[in-house]
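A look at the structure
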Amino acid sequence: MAFKSLLAAVTLAASAYAALTRRVSCPDGVNTATNAACCQLFAVRDDLQENLFHGGLCTAEAHESLRLTFHDAIAISPALEAQGIFGGGGADGSIAIFSDIETAFHPNIGLDEIVQLQAPFVARHNLSVADFIQFAGAIGASNCAGAPQLAAFVGRIDATQPAPDGLVPEPFHTPDQIFSRLADASQGEFDEILTVWLLVAHTVAAANDVDPTVPGSPFDSTPSIWDTQFFIETLLNGTNFPGTPDNQGEVATGVQGTLRLQSDFAIARDNRSACEWQSFINNQEKAQAMFQFVFHDLSILGQDINSLVDCTEVVPVPAPVEGVAHFPAGSTVEDVNLACADTPFPTLPTDPGPATTVAPV
């Protein structure tokens, strides 16, 4: 009830602010904005939608653009800085500016493709690389039904040197390693609970390089919909692999065609995060609001928010979620590896028909 009351209050306040805010006419003669600095983003948005995201679809390019936001922003370490070692600049565009270095880091393998696809867009728009990466991720996510409207800012300062290796979590890392890394990057904000909130993004994610024999293997059965299936299906008992077994960072999955990261498997069952994980099941409002909150803070790591302009209004409001939370056909609650002892597992319907099989994205 407290969560819903807070959400309603925030929504009401935002609506009141929008009604009282004076808007400026943009040079394109079509759009208006609350700040003239946001006007440039309308052309960037339209270019991305038409020429990268296939007319505004939740495609692989949208998934990878969202992934890129995390891999750029999380590469910051106050702990290294305290030792007198450069710890990266966070959301500073370094992964694209120094792509020959950073996309060669093991956790960033495969991101060279989306960096190359985005490069012409960066070149033809007057936007910092740091701003572009985060904006493209927000626009890409907006194409996925059920997603939240993600924050967009302009004014970030671009990187002047690459981030050091070793700052992006790997799928074979333990929960302890991942919790520690995220807490360091965020100066303690991203704890075990907020780590789960960040992982909401995996509802529209896929892996190309964990098992190279099956590129585009999604993490749940609805990879183009921002729903809570990822949280359900990660808890199903593992029975198969989409390609070959024994890949580093992969464990058996419960839905044919999906790929399960070892890190997702472990965090879903860790006693510090298991109940938070389960709390997202069949809770679409939470899957939207909590990721919206944590993306806002992720996207400005290493930057001074007081020097940024909020242009979230340029990001389209995504379509509502399609369908209801469910067990994939062939699965029931009997197939769930229950990990939260504090609350009962939600009651869910099972899709009819033969066992679900998911195609690559």
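Residues numbered from 1 in each chain as written. Predicted model: local features only at pLDDT ≥ 70, side-chain atom pairs only at ≥ 80, totals over all residues. Heavy atoms only, no water.

Here we come to the overall build of the protein. A count of helices and strands for the protein gives 14 helices and 8 strands. Its C-alpha radius of gyration of 20 Å places the protein within 12% of the 21 Å reference for a compact globule of 361 residues. Each principal axis of the C-alpha atoms in the protein carries an extent, and together these give about 60 × 45 × 35 Å. Among the 361 residues that make up the protein, the fraction classed as buried is 53%. Within the protein, contacts between residues separated by at least 24 positions form 70% of all contacts whose residues are at least 6 apart in sequence. If you sum the accessible surface of the protein, you get close to 15500 Å²; carbon and sulfur atoms cover 57% of it. Counting 12 positive and 42 negative side-chain charges, the protein places the averaged centre of each group 7 Å from the other. (Helix = DSSP H or I, 4+ residues; strand = E, 2+ residues; numbered from the N terminus. Rg over C-alpha atoms; globule rule 2.2 N^0.38 Å. Buried < 20%, exposed > 50% of the residue type's maximum accessible area, 1.4 Å probe, protein only. Contact = heavy atoms within 4.5 Å. Areas by Shrake-Rupley, 256 points an atom, 1.4 Å probe, with all protein chains shown as cover. Lys, Arg positive; Asp, Glu negative; His and termini not counted. Charge placed at Lys NZ, Arg CZ, Asp CG, Glu CD.)

Attention shifts here to the environment of valine 358. Looking at the element boundaries, valine 358 is found in the segment after β8 (309-310). Sequence separation between valine 358 and alanine 152 is 206 residues; the distance between their C-alpha atoms is 32 Å.

Moving on to the packing of aromatic side chains. Summed over the entire model, instances satisfying the criterion amount to 8 aromatic pairs. Relative to phenylalanine 293, the ring of tryptophan 197 has its centre 5.9 Å away and its plane inclined at 80°; by these criteria the two rings are edge-to-face. Here tryptophan 197, found in helix α10 (residues 192-198), pairs with phenylalanine 293, found in helix α14 (residues 284-298); they are 96 residues apart in sequence, far enough to count as distant. For phenylalanine 293, a relative accessible area of 42% gives the class partly exposed. A ring pair is formed by phenylalanine 231 and phenylalanine 280, whose centres lie 4.8 Å apart and whose planes are at 15°; its orientation type is stacked. With phenylalanine 231 in helix α11 (residues 229-233) and phenylalanine 280 in the loop between α13 (274-279) and α14, this residue pair connects regions lying 49 residues apart in the sequence. (Phe/Tyr/Trp six-rings, centres within 6.5 Å; stacked < 30°, edge-to-face > 60°.)

Let's shift gears to the state of the cysteines. Counted by the stated rule, this structure contains 4 disulfides. Paired through a disulfide, cysteine 38 and cysteine 311 show a sulfur-sulfur distance of 2.0 Å. Across the disulfide from cysteine 38 to cysteine 311, rotation about the S-S bond amounts to roughly -85°, and the bridge is consequently left-handed. Taken together, the positions of cysteine 38 in the loop between β2 (32-33) and α2 (39-51) and cysteine 311 in the segment after β8 put the pair 273 residues apart, joining distant regions of the chain. Judged on exposure class, the residue cysteine 38 and its partner cysteine 311 are both buried. Paired through a disulfide, cysteine 275 and cysteine 340 show a sulfur-sulfur distance of 2.0 Å. (Disulfide = S-S within 2.5 Å.)

The next subject is the nonpolar core. In this structure, Leu48, Leu66, Phe135, Trp226, Trp277 and Phe291 are the most contacted members of the largest nonpolar core, which totals 79 residues. Put simply, the parts of the chain that give this core at least two residues each are α2, α3 (60-73), α8 (129-142), α9 (175-185), α10, α11, α12 (262-269) and α14. Top element by residues in this core is α14. It accounts for 7 residues. Sequence-distant contacts of phenylalanine 135, defined by excluding residues within four places in its chain, comprise Leu41, Val44, Arg45, Leu48, Ala152, Val314 and Val315. Judged by nonpolar contacts, the second largest core, of 7 residues, contains Leu68, Ile95, Val115 and Val129. (Core = buried A, V, L, I, M, F, W, Y, C linked by side-chain atoms within 4.5 Å.)

What follows concerns the confidence of the model for the protein. A residue-level look at the protein finds 94% of positions with pLDDT of 70 or above and a mean pLDDT of 94. Scored below 50 in pLDDT, residues 13-19 shows 0 contacts in the model against residues more than four places distant or in partner chains. (pLDDT = per-residue confidence, 0-100.)

Take the packing of α2 against α8 next. The interhelical angle for the contact between α2 and α8, taken along N-to-C directions, is 55°, at an axis separation of 10 Å. Here α8 runs oblique to α2, going by the angle between their axes. α8 is crossed by α2, and the crossing has right-handed handedness. Here Leu41, Val44, Arg45, Leu48 and Gln49 of α2 lie close against α8, whose contacting residues are Phe132, Phe135, Ala136, Ile139 and Ser142. For the contact of α2 with α8, the residue count by class is 7 nonpolar, 2 polar and 1 charged. (Axes fitted to C-alpha atoms, helices over the stretch in contact; angles between N-to-C directions. Parallel < 35°, antiparallel > 145°, perpendicular 65-115°, else oblique. Left-handed = near helix turned anticlockwise from the far one by under 90°. Nonpolar A, V, L, I, M, F, W, Y, C, P; charged D, E, K, R; others polar.)

According to the stated counting rule, one finds 9 salt bridges in the structure shown. A salt bridge links arginine 23 to glutamate 313; the nearest nitrogen and oxygen atoms lie 2.7 Å apart. Of this pair, arginine 23 sits in the loop between α1 (2-20) and β1 (24-25) while glutamate 313 sits in the segment after β8, and the two are 290 residues apart along the sequence. The partly exposed category is assigned to glutamate 313, whose relative accessible area is 29%. With a shortest N-O distance of 2.7 Å, aspartate 176 and arginine 272 are connected by a salt bridge. One end of the pair, aspartate 176, is in helix α9; the other, arginine 272, is in the loop between α12 and α13, and 96 residues separate them in sequence. Judged by relative accessible area, aspartate 176 falls into the partly exposed class, the value being 49%. Linked by salt bridges that have partners in common, Asp176, Asp270 and Arg272 make up one network. (Salt bridge = Lys/Arg side-chain N within 4 Å of Asp/Glu carboxyl O.)

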